[in-house]
Structures are given as structure tokens and as C-alpha cells.
Amino acid sequence: MKDSQARTIYLKDYQAPDYLVDRTDLTFDLDPHATLVTSRLKVRRNPAVARAEETLPPLWLDGSDLELLSVSVDGELLPAQRYQEKPGGLALSVDRAAFELEVQTRIAPEANTSLEGLYLSNGMYCTQCEAEGFRKITFYPDRPDVMSIFTTTIVAPATYPVLLSNGNRIDSTTTEDGRLRVTWEDPFAKPSYLFALVAGDLQHVEDHFTTCSGRTVKLQLFTEARNIGKCAHAMASLKHAMRWDEEVYGREYDLDIFMIVAVDHFNMGAMENKGLNIFNSACVLASPETATDAAFQRIEAIVAHEYFHNWSGNRVTCRDWFQLSLKEGFTVFRDAEFSADMNSRAVKRIEDVILLRTSQFAEDAGPMSHPVRPDSYMEISNFYTLTVYEKGAEVVRMIHTLLGEEAFRRGSDLYFERHDGCAVTCEDFVVAMEDANSADLKQFRRWYSQAGTPVLEVTDAYSEANGEYSLTIRQHTPATPGQNDKLPLHIPVKIGLLDESGSPLPLDASGREEMVLHLTEAEQTFTFNGIASRPLPSLLRGFSAPVKLRYGYSSAQLQFLMRHDSDPFNRWDACQRLALDSLCKLQQQYRAGAALESPDTLIEGFAAVLDDVTLDPALVAKMLSLPSAQELAEQEGDIDAAAIIAVRVFARDAIAKALEARFLARYRALDRRKPYTPAAEDIAERSLKNTCLTYLCAAGNADSLTLAKTQFERGENMTDTAAALAALVEFGPEEQSENFLETFYQQWQQDTQVVETWFGLQSGSAKFGALERVQKLMSHPAFDVKNPNKVRAVVAGFAMRNFTQFHREDGSGYNFLADQVIALDKLNPQIAARLVTPLTRWRKYRAEESGQIRVALQRISDSGKLSSDLYEVVSKSLGQD
Ligand SMILES: [Zn+2]
């Protein structure tokens, strides 16, 4: 395995830039094969690093896949001996402390399949520059601590009537040869990763927003003509987000215009370029007929996330990429709170925690384990991880929990005020929180530097004679690659105590019924007085810290918490623990070759949940969902895929049969056939209704399949249609399933997003998503290996969401994934490096699977020269750094 350019970059080696760029003037003469880029930079020596009587250091400009045409300094063409093209950039010898530099390069957007830099998507020009894509456009100090005022001129044939860039449009003309020439200026200094350009034949919808100070901002959402009817939800979400950021954070939008563009070929979800957000079509376009509730909610969250970056990311940006969580952790926390305010708070929290527990905890325990602020990387694209984003958001949430709402706001106000227009660090964020509140977060900082998931072991004691109850909590964090010894963390543990009737007990003299324990030692005891009888603890309410918590709850205690806990998150969590306990017990029986026993305790618990009509239906749906196979796999070190699959199916079918009448009653009560709205209450009802439908079909009654068929044929909205289709495919007779899938495709084949849903439904199906079908889907005319959404729907759908078929005993799933990763690495290294993730977990499986997965991984390693993206992940997974 070779990669000549892969080298490790360390946080400790950070140095401020030698030169600053005050102004950046770019001119693009667009052509698919030969786009001419002229860059004029006002460069000066960085006074912060300059020393007297020095010789000026060379100016380093990053650049990759560029054809260099010319270099001039202050209007004079530079002779070749004054600059040197090296791997990864251009070094210029400098003879003055301030100068204007002009560089001309040629690039070929058509040939760019990495989707970094400037590329074409369905004939539309667009850019993606974070983290290091700008260096594929022109030679530039492509690092976030170089902030510059950008002016961008775009020249294109009249067939590209829409020409966009950051900031405000200041000029628009037609050239003598009939081409369009448009100039944009962004008055806010920004790093190159926030640069954006779009050119295409696009339509747009327009609206406006009046800010808190009374300014009118024009809002525009651009897309291809065929999608113009799918923009309303994103526009409404944008306006909600703009208002929320004013009310909750006091942040007002700063430009006169805010634009969003939908692009089909996109590696990520969306990108927060200043004033010109570029979105993956799937994360912005929706209509009730074509998008599921989950898509509606995802769009609302992502539109808000990218908008919130205007302050947390753009106005205050990162000094270097090790600080990525400064903008991402904070902004994910902000968008999670926004979604919680717009929808069911408890359900939003549950969804985020499921993601943490299944995927982020797995990352923490795997070969790519890293702290929220990594110490080193080979390829920064590999660090757009759940740890940086989701655990990073948990770290910000913990600060919020420790300080409280008002103090947190004081801290964020100070942070924005102090650092506006600057590139700063995670440390600066923590210091602002401390300074605004005279708080001490010294020990808390370890969350940024220490990798791994902490484990809390909780025991308790009760003395009836003294009326005294005590909780003893021990914390430890397992070793992770490169970090053997871990120090105790400052962990907020939110708790309550319940008496035998289920009522909350006062925890201290003030009478409060909930408090946050500050766990700072390796072992610590917390004592509560005046407790009349032995209480039941409700621990880690709202998942107040990203940890694994162990306390020896009995099944009866879990059922009690499910009924009585005043914290809805912990009600769900008790239900999940009950399910996990039942499934683990079944796994033991399975692995011992014993007959599987009906999970009666779990059935009893689920029955009580179904009978409680006072609970939010969305919460009920979550409570009735069994932990995923991936989550089960996380429970132990010696994963037996076959056992996990078998016991999940067994438990699901047992629950379905035992509670069939209840599921039917709830289904009928919820099947109201109201016109579609994406309002939280309606989404909640549909989620429970469709959970019931799935169980009904699993119970195997022909009448239930008729219900699903009716719901499918009614086709009232995509949420109900897709849920019915999924149930029919999973539980119906095979031949009919094929017909339903075909009918669905025929109806929706013109709609990109629906076709992606259709792909994902098959590749992720335990019954239908066999490898042969997945391979067939890859030769389907609607499949496009250069489109990441299609690859995610088909290949990742199979490898990451289809536990049953991917882990087939013959190892064919692993081999298939290895083939795809090798092929994709030549086209799009970022996607290849993400896709390989399931193979990196090989050490967690029992010997049979483990050996097969390792062979597949080794084959990737031996396949020739890998991109630095894939090289880093594969080499770390095989343990040969
Ligand atoms: Zn972000």
C-alpha cells in the first residue's frame, strides 16, 4: 500500500501564516474543459510573525491538479527561477513585504469527479471548497486563518444565465461576444474554504425576511426548473431559523441577500459558504408527494445548521482544521436545539442519542478513534466525523448543562463579540464561557483532548435509620489508539429520585426534584438526606453526558421507570434497556443452541406503552422500536452477526403476534387520512401509525398485508407510501413485492429523490437486499456511480443498513464492498474513505467474520496506490501506520 503524499500533520506544529491576503480578486472564464482562473491577491507580511532585519521567507501557495500559466508580482511577469512548483503547491521567493500577486491557472471542471473545487453537476458549475478544495481552483494560502475580502467575476456563455458567488452582486454586463459577465463582492473577510461559485440555467423562488433591526433581506432558492415546486419547505425552514437565531442567540443576518442552491452531485449534506449555501438536492428539495417526514425534518435541521454557521463558523471561524469542532460541535448543538423547539424535544434527543450510541461510540472504540479536537491527521476530510460533529455538540451541551441557559448565553455573546472577524480555537470558546461567568472549566477541557467513551458504574446504598440515600459513581475511559492513560473528566450527571408510588422526591432543602451532579473524581459519592424509603434513581436524564452508564436495574424497575419517570428521555431509555436485556438474553440462548424463549417481560412493557394514550405518539413509536442490529453489535466485543439477526427477528415477531390486536386498534385510530402537513403532531401520528403497520405485517396476517396494500395504493404522501411499500417488500409474497416495487418505480422514475428512496428500500431490505439485487441495481439506468447520493443509497444502504445480507456467511458482502471501495477511490476519494467504515470494525467480530473482513481490507491495501483519504483509514485499521 503506497501513498507518496500521505504525511501526518500535527496540531503541535501549528504556526501562524507568514503572509496575509487582504484582498482576493478572482476572475473565472468558464469552460468545461479549460476554465481560466485569474487571481489577484494583495499580499503582505504578517506583522504578528515578522521580525526586524529578517530576510523574507518564501510565500507558500497551496495548489493541486492545476495547470499554471503565469505568475506576476506588481504587474511584472515573474521569471521561472523566482518560483518553484512542488507537490501540493507553489513556493515563491519574495523581495518585498507587501505586493500584488497575479496567478493564472487553467482547470477542467468536467474531468473533476472528486467533487472538490470547481466541478460540473448535471451541466451546472458549482464548487465545494471545505476543507481543502480551494487549492483545486487556484494557487492560494488555503488555510482558514488567512481571511480575505473576496471579489469574484464570472464570465460565461449566455446558456448559463445564472452566475452566483458570495456577497452582493455589484455588476452585470454582456461582453462584446455575447457572454455574460457578473461581479460579486463579499464585504466580510473570510477564509478560502467559504468561497463559492455557481453557474447554470436555474430557476429560483424568492421571499424576504425582515431582521430584528428592520433590514430587509432577500432570500432566493435556486434549482433546476423541474424541482421548482419542491422549495417551499426549505424556504419556510430558513425563515424560522433566521428568527430563532435572533431570539435565542441575538444573532442578526448581515448581508442584503441569502441564497441557497440545490445540487445533485455533492459529497456532503450542505455547505455554509458566505451568503451562498450550496446544498445536496436531497437535503433541500421536498414536497409531500415525494419526501418522507424524516426528509422534511432533515431539511429543516440542515437549512438551519448551515444558516447558523453564518455566525458560528463564518463570522467567527476556525484557526486551523484541528479546531473543526469549534464551528461544527457548536453549530450541531444550535441546530439540535432549534429542531427540539420546532418539534418534539424528547424525540429529537432520542434520535441524536441513538446516533451517538450506535455510530459515535463505535468510532470511539475503533481504529480511527480521536478526540473532539484531534492531535493529528493525514487527510482532514477523514475528520468530518461523528466525534467532531456529534460528540463535539455533546461537549457544548454539557457546558450548557453545567452553566445553565442564561450563563451559556452570556458566554456565547462574549464569544461572538470578542472574536468577530477572527479565526480562533476551541480554547477561545471555553475561555469566553469562563470569562463571562467567572466559571472554572479547567478539568472540563479534557473532553476536547481525550478520546474514547467514558463508562460510569453506579451503585447505591440506603440507610432507613438515617433516611440517607447515597449514589457512588465510578468513571473510567478505556484506552484508545495513542492514548493509553485517561484522566477523570468533569461529567454532568442529571438525576432524579422516585418514591414507590413513582412520585419525584425532593433532593435537598430547596425542594428541587432534579439536579446535576458534578462528577470530577474517578470515584465519588453523593448523599441525599431526608429520604423516607428506598428510592429508585433516574440517572443521566436527557443523556446529560455522552457516556455508557451501568446500574443494575431489574426488569421490574425498568418497567416502573417506563411508566413513571418524569423525564421522557429516560422513559424511552428504560424501555430500550429492557429491550437490550431481553435481546442479550435471547442471544445467549441462541449461541448456546437452546430454544428461544418468548420475551414476555418486554411484551408486557410494550403493551403498557401501547395502552398509554396520554404519551406523545412519536415517543411511543420510538419506545416500540427495537434497538438496531448495529446497536446490539455495540453491546459486546465478540459480535456474532447471525445471532443478532436471528434474535431480533424472533423478538419482533413474538411482539407482533402477542400485541396484534393493540397494534390494529392504534393503527385504525391513527389512520385519519388528513391532508398532509409536516407539523410535529402530524409527523408524530404518522410515525406511530406506520410502526403499528410494520408490526401488523410482521405478525403475518393476510388482512394486515391488505391494509398495507391499501395504504400504498392510496398514495396520499410519501411517508405513508414508503412505509407501506417497505412493509409489503419485507413481509409480503415475493412476486407481489416485485410488482409493487415496479409500480412505484414507474410512477416516480422522473424524480431523483424518490428514485434514491427506491434504491435504498431495496439495498437495505433484509429479505430483498441480497447481493445479487444490489449488483443489479448498480447497473440500473438510474444508477450513477459518480453521484454520491446514488452510491450512498445502494452501496452504503447495503453495507451499513443491511446487517442481514452484508454479513452473509460466505463473506461475499465484504468482498463486494472492497471492490466498490477500490473502484470509487479513483473517482471520489472522500466517498471511498467513508464507504470503507464497516470493514474497519473487523476486530470487533468473532473469528469467522473477523478473518473474512480483514482479508477484504488487506485486498484494498494491496490494490495499488490509494488516495491519502483511503490510505489513512485503511492503514490505521490494519494497524500499520
Ligand atoms: Zn456544519
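Refer to the structure above for everything that follows.
What you see is a predicted model, and the numbers here were worked out from it, not measured in a lab.

Help me understand the overall build of the protein, please; the structure alone is not making it clear to me.
Within the protein, the secondary structure is distributed over 28 helices and 31 strands. Relative to the globule expectation of 29 Å for 881 residues, the C-alpha radius of gyration of the protein, 28 Å, shows essentially globular dimensions. Over its C-alpha atoms, taken along the principal directions, the protein stretches across nearly 85 × 65 × 60 Å. In the protein, which comprises 881 residues, the proportion classed as buried is 60%. Sequence-distant contacts in the protein: of pairs separated by 6 or more residues, those separated by 24 or more amount to 70%. Only carbon and sulfur atoms are counted for the fraction: they give 49% of the accessible area of the protein, which is about 33300 Å².

Help me understand empty space enclosed by the protein, please; the structure alone is not making it clear to me.
To locate leftover empty space, one rolls a probe as large as a water molecule over the atoms. Scanning all chains against the criterion turns up six cavities of 30 Å³ or more. Counted as a void, the largest cavity has a volume near 150 Å³. Taken together, 13 residues line the largest cavity, and the ones lying closest to its centre are Leu670, Arg673, Lys674, Arg686 and Lys689. If you tally residues by element for the lining of the largest cavity, the top one is helix α16 (residues 680-698), at four residues. When its volume is computed, the second largest cavity comes out at roughly 110 Å³.

Quick question: what am I supposed to make of the pairing of strand β3 (residues 35-45) here?
Taken residue by residue, a regular strand's side chains alternate between the two faces of the sheet. Where strand β2 (residues 19-29) lies against β3, ten bridges are found, and the strand directions are antiparallel. Within β3, the position partnered with Phe28 by the bridge is Val37.

Explain the coordination of the zinc ion to me, please; I cannot follow it from the model alone.
Each pair of donors in an ideal octahedron of six around a metal sits at 90 or 180 degrees, and each pair in an ideal tetrahedron of four sits at 109.5 degrees. Taken together, the protein donors to the zinc ion comprise His305 (NE2), His309 (NE2), Glu328 (OE) and Glu328 (OE), at separations of 2.0 to 2.6 Å. The site at the zinc ion holds four donor atoms, and with the angles between them running 54 to 153 degrees, its shape is irregular. Of note, the donors binding the zinc ion are all from one chain and are spaced H-x3-H-x18-E. Highlighted residues: His305 in helix α2 (residues 293-308) and Glu328 in helix α3 (residues 324-342), separated in sequence by 23 residues.

For this particular structure, what's the right way to read helix α18 (residues 718-731)?
It helps to recall that an α-helix has 3.6 residues per turn; residues three or four apart then point in one direction. The terminal C-alpha atoms of α18 lie 19 Å apart, and with 14 residues this matches the ideal 20 Å at 1.5 Å per residue to within 8%. Of all 14 residues making up α18, twelve are buried, and the element is well covered by its neighbours. Looking at where α18 begins, the residue whose side-chain oxygen comes 3.2 Å from the main-chain nitrogen of Thr719 is Asn717.

Looking at this model, I keep getting lost on the environment of Leu414. Mind explaining?
Of note, Leu414 is situated in helix α6 (residues 405-419). Leu414 sits 143 residues away from Met271 along the chain, and the two C-alpha atoms are 26 Å apart. Once residues within four sequence positions are removed from consideration, Leu414 is found in contact with Ala432, Asp435 and Ala436.

In this structure, what is going on with the side chain of Thr290? I would like to understand it.
On the secondary structure map, Thr290 appears in the loop between β21 (276-280) and α2. Since its relative accessible area comes to 8%, Thr290 is described here as buried. There is a polar contact of 2.8 Å between the side chain of Thr290 and the side chain of Ser287. In this structure Thr290 touches Lys230, Met718, Trp748, Asp751 and Val754, once residues within four positions along its chain are discounted.

Where do I start with the nonpolar core in this structure?
Within soluble globular proteins, side chains that are nonpolar generally end up buried alongside one another. Formed by 282 residues in total, the largest nonpolar core has its most connected members in Leu101, Phe528 and Leu839. For Phe528, the contacting residues outside a window of four places in its chain are Gly467, Glu468, Tyr469, Leu471, Ile495, Leu497, Leu507, Met515 and Leu517.

Mind showing me how you'd approach the side chain of His370 here?
With respect to the element layout, His370 can be found in the loop between α4 (345-364) and β23 (376-377). We classify His370 as buried; its relative accessible area is 4%. A polar contact of 2.7 Å, which involves the side chain of His370, links it to the backbone oxygen of Met368. A polar side-chain atom of His370 sits 2.9 Å from a polar atom in the side chain of Thr385.

Would you mind showing me how to read the sheet that holds strand β29 (residues 523-528) here?
What holds strands together in a sheet is hydrogen bonding between their backbones, with the strands either parallel or antiparallel. If you trace the four strands from one edge of the open sheet to the other, you get β29-β26-β25-β31, paired in mixed fashion. Strands at the two margins of the open sheet, each flanked by one partner only, are β29 and β31 (548-550). Sheet twist, expressed as the average angle between the axes of neighbouring strands with direction ignored, equals 20 degrees. Two elements, strand β26 (residues 468-476) and β29, share six bridges in a ladder whose sense is antiparallel. Within the sheet, the bridge partner assigned to Thr472 lies in β29 and is Thr525.

Quick question: what am I supposed to make of α3 here?
In this model, α3 (19 residues) spans 27 Å end to end at C-alpha, consistent with the 27 Å of a helix rising 1.5 Å per residue. Within α3, 17 of the 19 residues are buried, leaving the element largely enclosed by the surrounding structure.

Hey, could you run me through the pattern of salt bridges in this one?
Pairing between side chains of opposite charge can happen when the charged atoms of each approach one another. One pass over the full model with this rule turns up 76 salt bridges. A salt bridge links Arg319 to Asp320, with the nearest nitrogen and oxygen atoms 2.7 Å apart. Of the residues examined, Arg319 reaches a relative accessible area of 22% and is grouped as partly exposed. Judged by its relative accessible area of 7%, Asp320 is buried.

Just to check I follow, could you spell out the sheet that holds strand β5 (residues 67-73) for this structure?
Taken in spatial order, the eight strands line up as β6-β5-β9-β3-β2-β12-β15-β14 in an open sheet, and their pairing is mixed. The open sheet has two edge strands with one neighbour each: β6 (76-77) and β14 (168-174). In terms of strand pairing, β5 meets β6 through two bridges, oriented antiparallel. Opposite Ser72, over in β6, you have Leu77 as the bridge partner.

Could you clarify how one ought to interpret the packing of helix α15 (residues 660-670) against α16 in this entry?
Think of two packed helices as two axes; the pair is described by the angle between the axes and how far apart they sit. At a minimum axis separation of 9 Å, α15 and α16 run at an interaxial angle of 145 degrees. When you trace α15 past α16, the crossing you get is left-handed. Contacts between α15 and α16 involve Glu660, Phe663, Leu664, Arg666, Tyr667 and Leu670 from the first element and Glu685, Leu688, Lys689, Cys692, Leu693, Tyr695 and Leu696 from the second.

Is there a simple way to think about the state of the cysteines in this case?
One way to say it: the disulfide is the covalent bond shared by the sulfur atoms of two cysteines. Within the structure shown, the criterion is met by zero disulfides. Of the cysteine sulfurs around Cys231, a residue in no disulfide, the closest is that of Cys283, at 14 Å. We classify Cys231 as buried; its relative accessible area is 1%. The closest cysteine sulfur to the non-disulfide-bonded Cys422 is located on Cys318, 13 Å from its own sulfur. Overall, the relative accessible area of 30% leaves Cys422 in the partly exposed class.

Quick notes on the rules
Residues numbered from 1 in each chain as written. Predicted model: local features only at pLDDT ≥ 70, side-chain atom pairs only at ≥ 80, totals over all residues. Heavy atoms only, no water. Helix = DSSP H or I, 4+ residues; strand = E, 2+ residues; numbered from the N terminus. Rg over C-alpha atoms; globule rule 2.2 N^0.38 Å. Buried < 20%, exposed > 50% of the residue type's maximum accessible area, 1.4 Å probe, protein only. Contact = heavy atoms within 4.5 Å. Areas by Shrake-Rupley, 256 points an atom, 1.4 Å probe, with all protein chains shown as cover. 1 Å grid on protein atoms, 1.4 Å probe; cavity = no way out; pocket = protein on both sides within 12 Å on 5 of 7 lines; lining within 4 Å. Points joined across faces, edges and corners; volume = space filled by probe spheres on them. Pairing = 2+ DSSP bridges. Donors = N, O, S within 2.8 Å, 3.2 Å for Na, K, Ca; no water. Tetrahedral: all angles 85-135°; square planar, octahedral: opposite > 155°, others 65-115°. Expected span 1.5 Å × (residues − 1). Polar contact = N/O pair within 3.5 Å; in protein donor to acceptor, adjacent residues only side chain to side chain. Core = buried A, V, L, I, M, F, W, Y, C linked by side-chain atoms within 4.5 Å. Axes fitted to C-alpha atoms, helices over the stretch in contact; angles between N-to-C directions. Salt bridge = Lys/Arg side-chain N within 4 Å of Asp/Glu carboxyl O. Left-handed = near helix turned anticlockwise from the far one by under 90°. Disulfide = S-S within 2.5 Å.

Nothing here speaks to function; it is geometry throughout.
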